[in-house]
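Residue strings, one per chain:
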Amino acid sequence: MNFSPTVYLMDTQIWYAIFSTLFGGIHGAFSHLGEIRTLGMLRSRFESIPIAFSQTLMPSEDGKHADDFVNQNNIKNFSQVWNEFIYSMRSEDKISDRDRDLLLVPSSSGDVSLIQWPPFLLASKIPIAVKMAKDFKGKEDAELFRKIKSDSYMNFAVIESYETLKKIIYALLEDEADRRVMNQVFLEVDMSIQQQRFIYEFRMSGLPLLNDKLEKFLSILLSDYEDQGTYKSQLINVFQDVIEIITQDLLVNGHEILERARVQSPDIKNEKKEQRFEKINIHLVRDRCWREKVIRLHLLLSVKESAINVPQNLDARRRITFFANSLFMNMPNAPKIRDMLSFSVLTPYYKEDVLYSEEDLNKENEDGISILFYLQKIYPDEWTNFLDRVNNPKLTEKDKSEFLREWVSYRGQTLARTVRGMMYYRQALELQCYQEVAGEQAEFSVFRAMASNDDNQKAFLERAKALADLKFTYVVSCQVYGNQKKSSDTHNRSCYTNILQLMLKYPSLRVAYVDEREETADAKSPKVFYSVLLKGGDKFDEEIYRIKLPGPPAEIGEGKPENQNHAIIFTRGEALQTIDMNQDNYFEEAFKLRNVLEEFNKERVGRRKPTILGLREHIFTGSVSSLAWFMSNQESSFVTIGQRILANPLRVRFHYGHPDIFDRIFHITRGGVSKASKVINLSEDIFGGFNSTLRGGYVTHHEYIQVGKGRDVGLNPISIFEAKVANGNGEQTLSRDVYRLGHRFDFYRMLSFYFTTIGFYFSSMLTVLTVYAFLYGRMYMVMSGLEKEIMRLATPNQLAALEQALATQSIFQLGFLMVLPMVMEIGLEHGFRTAIVDFFIMQLQLASVFFTFQLGTKSHYYGRTILHGGSKYRPTGRGFVVFHAKFAENYRLYSRSHFVKGLELLALLSVYQVYGSSYRSSSLYLYITVSMWFMVGSWLFAPFIFNPSGFEWQKTVDDWTDWKRWLGDRGGIGIPVEKSWESWWNLEQEHLKHTNIRGRVMEIALALRFFIYQYGIVYQLNISQNSKSFLVYGLSWVVLLTSLLVLKMVSMGRRRFGTDFQLMFRILKALLFLGFLSVMTILFVVCQLKLTDLFASILAFLPTGWAILLIGQVLRSPIKALGIWDSVKELGRAYEKIMGLVIFAPIAVLSWFPIVSEFQARLLFNQAFSRGLQISMILAGRKDKATSSHK
């Protein structure tokens, strides 16, 4: 057995996991991933970031980059982009106004004698320096200044604060005499520092008081006022206090300096003291530049704690640290905008949400929870930032309502979020164009240039917009936009209106759709189909192009790829990025796109240039629930370390539906970016990668840029998605593309291709099949007595060795090795302590249960596709998990893929335990079966463990009522599966209607395994008296058929006599009951039947009946011809009732205990807990109306 192909394939899969972990980690480390992963690391390397920015993201002049030192030009270019980045995060409500001010680089950079760093680097430096000076006991200036200069940021903060304060005071004072007085004070400071007598000329003890008074003065200066006179009076009083502190408490010879100022200024000799410093320009801070200086100085003086936690939002921290880290990674140099490749972005859209309506926001689920309330609890800091942003008296209630809709929609997986993200490309391009066109005349920000009245600035902006239009095109392929426009349905009209608003909001956005028309020709009115391209006009959409199609695209091929194919003709440029509807983008990442496009010009192996550029993804749905966190970690591992290994060194990366960038010219002349044949191209994206590789293309992967992506966050949507992927891999296994690639690759690349694509699913299926083979083999050994004989002959040492070996195998079967790449990637990018902690938290949150459950999903749908084909697209839905899935819904979804298989394994384990416990130790049984019991528990109860309110008593009662109603519905034509068991049962057999003879034979052959139970168990019954005669097995069939016949008679009697002949039907049931009692009495008294034999008979006959049912479903047509199909259907209903009862009973028992529901809520929403989610309130529906409103 150790040399069987099965073991080889499974072991190789494990070795691949180990190899990808080690090599992927080393490769990632050499790529500089994770070098800046915390705010502390960011602070320590921030001084080198402007240099790295200029060397990587700015085009070089004459082929030469800036030297490795910070100069003013580096700072200016970097600051423009950095500030736009910070402003974009503020507009997204990722950061607060205070965080924004602490992160911005001042636009007045250059007004002081040194580099002005963002205040978050300089925070608390001034208070520390003041305390240091106050407590200084030395006798020389040099010693004090040496201590200050030992911290470079403290030195920057002290010098900048002094120079900025000097400029603000000069700007505030309107009287020339006052300015001369202050000039004398500042001259004294400068001279004392220059002559190294500062500590002798100034009293250090007065610095804290001066700092506090300046802080108060700046606060008043920045405050809003209603009464100008009161405001000016307060300002003058505090300013005079500041001057008094300087001249009396700080300066040793303050009076002499004032006298000197009077002597040097005869015009103020006779002025009284209180008359000075009363003429102040209170309108200074109305100027944006001066207000920025005052805010910055106020932050430097007032922030007394370290800003190590700025920004506070975790996603903002991630984005800042990744952007900073990426500047030190290996990426091509940025070309000038006019030299960069032009590109397009294409997004297919069907009927998903575009923008949530007010009704959607406030619509409550059965627990009384709305989407708005849910998001307020998931993102409390972002909600607070949003309220601050809209707290503007200039905004109308309508404006606030629109902003609220956008706030919610940008946190879901909506088209509005995707469009906003992709339009960051254009915003970044405009900024880059402006920097290049304006050159040294560029304003500090595009916003300032737009507000400027300078004709040159306006001309620069116009040229920048024109160049951006030439380089970038965004097309959203809204396939049914035309039908939505004509529809009277509320949802469709809402989608149309929202898409139109997107076109009006983003003038460069283009929408393509399929238009269906009836055109009269030769007295006929055939339907004609067109691809139409639209843009936004003044108030409505405007048609640009119309292209006639040969037929309806969605009927010719699969929906999504055909949606892409009909719109690809409207894209422009040399590169094309494919973006799914559930993706997002970030401004700072968009700035790196021209670097990425340069990868197309780099020659690779064999002087070939890339044809597909793979990009990294960030999964932004990981904080919603534990399941979302599991999927986020799994998906993040796949799109980072997984793709890294596939691209280099294995060279078997293809296209996986992620934000890959295609060489557009290469692909539109070689079949397009995706294949669209019905069924076989269910996973259309990877076939685009197959096609590219088969035609000589080259695929790379790059991790210095990332794009956001959402994933399903509930168990049911996740399982549907996994089923879709498994179906797609099954179709790939049957496709010609895989066959051709396997033949054309060399041996090592062919193995890499197998184990990283269909081989993973094949190995998953083999894992499950191995469990079946092992347990059926064990059952045979127990029933035949072979295991008992082996145990009798084995020595104690041999048994101990067997137990140890099986224990090790069980641990590995839990799948720990398969999560090694995930742990490595988390460790690489977040630190290995974080990785280990996350790993253990995932285990405590039952991640192993989730992944074992998904193993069943993969193996079932992959195996069914291999046997019968006929895969279909499964829409998953991208909503929020704020609802409870009913028991009937879970049963419909998991009955065949998990519950039936779980109950079969449960029966096998029970038989193995019951009939082998007399001679086998319990420890040996545990070693052998612990992982299998874990699998059974996961497959049967994971849907309820990960179901919100899955163990709440009232919902359990409601679920039972709903399930009984669903099971009892007879169904009929047009009745949906959600309403009727019969409709669902017929749909579950859909694959048998279209399968071939091979599939039918295999189904019957697989069903024969259930006869083994009866054959083995009946010979173990006490009533058989150890007889091995075949007659015993024959009599068991007589008993089974008699039981089925009696049940059929009762069923027929109920239908035929239940109404008109009620008395006769009752007499018939009484006679059957008396006959049953008589037979059982005879069996117990005469034939020595025992109670254990009854339970064993149930265990023997139930699988046989299930086998008869499966064979009957395969032979549906002949059975219908015989007229007994209704009997098969009723037998199926009876089995559904039994299975539902077995699964539901433990849930009902656990629901009695409230602590179970509380524990499950904590388990499911633990990640949300860490972000302030009051889940107990959410699930109970006890929400505070005040917090659910934005008013």
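Residues numbered from 1 in each chain as written. Predicted model: local features only at pLDDT ≥ 70, side-chain atom pairs only at ≥ 80, totals over all residues. Heavy atoms only, no water.

- Per an unreviewed UniProt entry, the protein chain is named Callose synthase 6 isoform X2, and its organism is Camelina sativa.

**Describing the overall build of the protein chain**
- Counting its secondary structure elements, the protein chain contains 56 helices and 10 strands.
- Looking at the protein chain as a whole, 55% of its 1191 residues are labelled buried.
- A separation threshold of at least 6 residues defines the contact pool for the protein chain, and within that pool the share at least 24 residues apart is 79%.
- Roughly 53,800 Å² of accessible area belongs to the protein chain as shown, and the carbon and sulfur atoms make up 58% of that amount. (Helix = DSSP H or I, 4+ residues; strand = E, 2+ residues; numbered from the N terminus. Buried < 20%, exposed > 50% of the residue type's maximum accessible area, 1.4 Å probe, protein only. Contact = heavy atoms within 4.5 Å. Areas by Shrake-Rupley, 256 points an atom, 1.4 Å probe, with all protein chains shown as cover.)

**Digging into a nonpolar patch on the surface**
- There is a patch of nonpolar side chains on the surface, built from Trp953, Val957, Val1149, Trp1152, Phe1153 and Ile1155 and spanning about 660 Å² of accessible area.
- Residue isoleucine 1155 is classed as exposed on the basis of its relative accessible area, which comes to 65%. (Patch = residues over 30% accessible without salt bridge, like charges linked within 9 Å, V, L, I, M, F, W, Y side chains within 5 Å. Salt bridge = Lys/Arg side-chain N within 4 Å of Asp/Glu carboxyl O.)

**A few points about the pattern of salt bridges**
- Considering all chains together, one arrives at 51 salt bridges under this definition.
- Between aspartate 190 and lysine 166 there is a salt bridge, with the nearest N and O atoms lying 3.5 Å from each other. Remark: lysine 166 occurs in helix α9 (residues 152–172) and aspartate 190 occurs in helix α10 (residues 176–194); sequence separation between them is 24 residues.
- Connected through shared salt-bridge partners, Arg90, Asp93, Asp97, Arg100, Asp101 and Arg389 make up one network.

**Focus: the confidence of the model for the protein chain**
- On average, residues of the protein chain carry a pLDDT of 82, and 85% of them reach 70 or more.
- Segment residues 269–274: pLDDT under 50, and five contacts once partners within four positions in sequence are set aside and those in other chains are kept.
- Predicted confidence for residues 1167–1191 stays below pLDDT 50, and this span has 64 contacts to residues more than four positions away or in other chains. (pLDDT = per-residue confidence, 0-100.)

**Quick notes on the sheet that holds strand β9 (residues 661–663)**
- The strand order across the open sheet formed by 10 strands is β5-β4-β3-β2-β1-β6-β9-β8-β10-β7, and the pairing between neighbours is mixed. Only two strands of the sheet have a single partner each, and these edge strands are β5 (541–549) and β7 (583–584).
- In terms of strand pairing, strand β3 (residues 509–518) meets strand β4 (residues 527–536) through nine bridges, oriented antiparallel. Paired with tyrosine 513 across the bridge in β4 is valine 532. (Pairing = 2+ DSSP bridges.)

**Regarding α9**
- Its 21 residues place the ends of α9 30 Å apart at the C-alpha level, agreeing with the 30 Å of an ideal helix rising 1.5 Å per residue.
- Its side-chain oxygen 3.1 Å from the backbone nitrogen of tyrosine 153, aspartate 151 forms the N-cap of α9. (Expected span 1.5 Å × (residues − 1). Polar contact = N/O pair within 3.5 Å; in protein donor to acceptor, adjacent residues only side chain to side chain.)

**Describing the environment of serine 683**
- Secondary-structure assignment places serine 683 in the loop between α31 (664–668) and α32 (684–694).
- Sequence-distant contacts of serine 683, defined by excluding residues within four places in its chain, comprise Gly728 and Gln732.

**Some thoughts on the environment of aspartate 93**
- Mapped onto the secondary structure, aspartate 93 falls in the loop between α4 (72–91) and α5 (97–103).
- A relative accessible area of 1% places aspartate 93 in the buried class.
- Between the C-alpha atoms of aspartate 93 and threonine 384, which are 291 residues apart in sequence, the distance is 8.4 Å.
- Side-chain polar atoms of aspartate 93 contact the side chain of arginine 389, separated by 2.8 Å.

**Some words on the nonpolar core**
- The biggest cluster of nonpolar side chains holds 158 residues, and the ones touching the most others in it are Phe46, Phe343 and Tyr481.
- If one sorts the elements of this core by residue count, helix α21 (residues 415–438) sits on top with 13 residues.
- When neighbours within four sequence positions are excluded, phenylalanine 46 is seen to be in contact with Phe78, Trp82, Trp117, Pro118, Phe120, Leu121 and Tyr153.
- Grouped together as the second largest cluster of nonpolar side chains are 84 residues, Trp629, Met842, Met935 and Trp981 included. (Core = buried A, V, L, I, M, F, W, Y, C linked by side-chain atoms within 4.5 Å.)

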